[in-house]
Amino acid sequence: MKFKLKKLKLQWKVFAYMLGFCGLLLFILWLFQTVFLNDMYKYIRKKEIKNAMELVEENINSPNLQTILQYLSDNKDILITPTNEFKPPQPNINRDKRDRHTMEVITETKEFKLQNNKTISLTFNAMITPVSATIDTLRYQLYIITFIMITLSIFLAFLIAKRVAKPIEVINDSAKALSKGKYDIEFTGEGFLEIEELSATLNTAATELSKVESLRRELMANISHDLRTPLSLIYSYAEVMHDFPKEISPEQTKVIMDETTRLTSLVNDVLDISKLENGKQTLNLTSFNLTNSIIETTNRISSLVKKDGYSLSFLYNEEVYVTADEVKIIQAFYNLLINAINYSNDNKLITIKQTVIGNVVKIEVIDNGEGILDEDLPYIWDRYYKVDKSHKRAITGTGLGLSIVKKIMEMHGGSYGVDSTLGEGSTFWFILNKN
Ligand code: ADP
């Protein structure tokens, strides 16, 4: 079976790495303490002799020479004798007793110039304590260190794993709950900056998801409500026609037709926004007479709502041509106009204004209706957003109208907006480049 480090739990992985690191450390320690110890020791002693030679050279004529020689003998174990008096040093008896290994000596000779132009030759003897006994000690020490290191590695691996893996596990559990639709879950990873950032990001994602989810639920509730009402009306009138075919009145068929229109516009809205949001819709750009198109649409709607007391007027100075997707621009305008009618309350006067400013054209739809609260203004362009959830409208609204306007304007690179005062009315506008 192939051993895969990749799939190990974090704590075992940390442990494996720590063990590897300890192994390397111990190996280096072993190399230096046993294999190279003798050579290194000799190297260091030779270096010490060299330093001693330099020190003696500097002070050869100094009155301190005696002190220096004493110092080198006491502290550095370097014995300095005139070469002619030099006898190969006898291994120290006491030391030899302690240590059954033979003692080694490094000997180097150098000539020094005296003040009176004479020269003196001095021999430097550095004792080398045998290291084989030390190596045995060090080996035992290495065993103990290895044991301590492995124990420490296990301990540290668990500690690190606990500090690192635990918050990740907690986040993972929360994420699993989130994926099952528990949107109110809170990510509480802490201990590391990265973990805290991840938690914060996931919390934002969860909040966004829950917003989308509640909007989706709201939309489903709205749509099913808006679908059920016309459908039940259509059904009951169709039932009457079925049971009493001779008593069909034009009003009854009109209701069926109107309700069918409502249903169609609702379904179209939902389809439109999903197409626009998918990015699957492309613009069919043509140069067209915007002023004429607005007149036509206004007239069409005006004739529909005139009987309910609405008065629509269009103010313009000139005919303006734009290059845009005519169907979509008119749809955006239509949505604004329908909203103006829907939210106009008792004052049923609606004004449409076309203004040319430089090389752009501004279309405003002005109503004197209920207006919008300042705090709601930033949200009305969001999908499914409705200020008053139970608003009874003349024409079915899905909370999608303005988000369709927004999408269309964004696709055209146009700007859009609203100025509104609660109780006084609203002015919705959009601006396009004119030809
Ligand atoms: P809806 O189908 O609810 O009208 P819209 O996206 O068209 O959806 O509008 C979003 C919300 O903005 C509406 O629910 C309404 O509260 C508010 N709104 C839009 N137009 C007007 C207006 N002319 N006057 C007052 N409020 C408006």
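Residues numbered from 1 in each chain as written. Predicted model: local features only at pLDDT ≥ 70, side-chain atom pairs only at ≥ 80, totals over all residues. Heavy atoms only, no water.

Engineer: Help me understand the overall build of the protein chain in this model?
Structural biologist: In terms of regular secondary structure, the protein chain is built from 10 helices and 10 strands. Here the C-alpha atoms of the protein chain give a radius of gyration of 47 Å, more than 25% beyond the 22 Å that 2.2 N^0.38 yields for 435 residues. Dimensions of the protein chain along its principal axes, counting C-alpha atoms only, are 145 × 55 × 40 Å. Across the protein chain, the fraction of contacts at a sequence separation of at least 24, relative to all contacts at a separation of at least 6, is 68%. (Helix = DSSP H or I, 4+ residues; strand = E, 2+ residues; numbered from the N terminus. Rg over C-alpha atoms; globule rule 2.2 N^0.38 Å. Contact = heavy atoms within 4.5 Å.)

Engineer: Which parts of the structure should I look at to understand the packing of aromatic side chains?
Structural biologist: Counted according to the given criterion, the structure contains seven aromatic pairs. Between the aromatic rings of tryptophan 381 and phenylalanine 428, the centroid separation amounts to 5.8 Å while the plane-to-plane angle is 65 degrees, which identifies the pairing as edge-to-face. Within this pair, whereas tryptophan 381 is found in the loop between strand 8 (360-367) and helix 10 (401-412), its partner phenylalanine 428 is found in strand 10 (residues 425-433), the two being separated by 47 residues in sequence. In this pair, the class of tryptophan 381 matches that of phenylalanine 428, namely buried. Members of the aromatic cluster, each reached through a chain of ring pairs, are Trp381, Tyr416 and Phe428. In this arrangement the basic side chain of lysine 362 is found over the ring face of tryptophan 429, its NZ or CZ atom lying 5.0 Å from the centre. (Phe/Tyr/Trp six-rings, centres within 6.5 Å; stacked < 30°, edge-to-face > 60°. Buried < 20%, exposed > 50% of the residue type's maximum accessible area, 1.4 Å probe, protein only. Lys NZ or Arg CZ within 6 Å of the ring centre and 35° of its normal.)

Engineer: Help me out: how do you make sense of the environment of isoleucine 148 in this one?
Structural biologist: With respect to the element layout, isoleucine 148 can be found in helix 5 (residues 132-179). Under the relative-accessibility criterion, isoleucine 148 is labelled partly exposed at 44%.

Engineer: Hey, could you run me through the side chain of threonine 123 in this one?
Structural biologist: With respect to the helices and strands, threonine 123 occurs in strand 3 (residues 119-128). A distance of 3.1 Å separates the side chain of threonine 123 from the side chain of threonine 83, its partner in a polar contact. (Polar contact = N/O pair within 3.5 Å; in protein donor to acceptor, adjacent residues only side chain to side chain.)

Engineer: Honestly, the sheet that holds strand 2 (residues 104-113) in this entry has me stumped. Any pointers?
Structural biologist: Two strands in a sheet stick together by hydrogen bonds in their backbones, pointing the same way (parallel) or opposite ways (antiparallel). Pairing within the open sheet is antiparallel, and its three strands lie in the order 1-3-2. Each edge of the sheet is formed by a strand with only one pairing partner; in this case those strands are strand 1 (78-82) and strand 2. Across this sheet, the average inter-strand angle for adjacent strands is 25 degrees, counted without regard to direction. (Pairing = 2+ DSSP bridges. Axes fitted to C-alpha atoms, helices over the stretch in contact; angles between N-to-C directions.)

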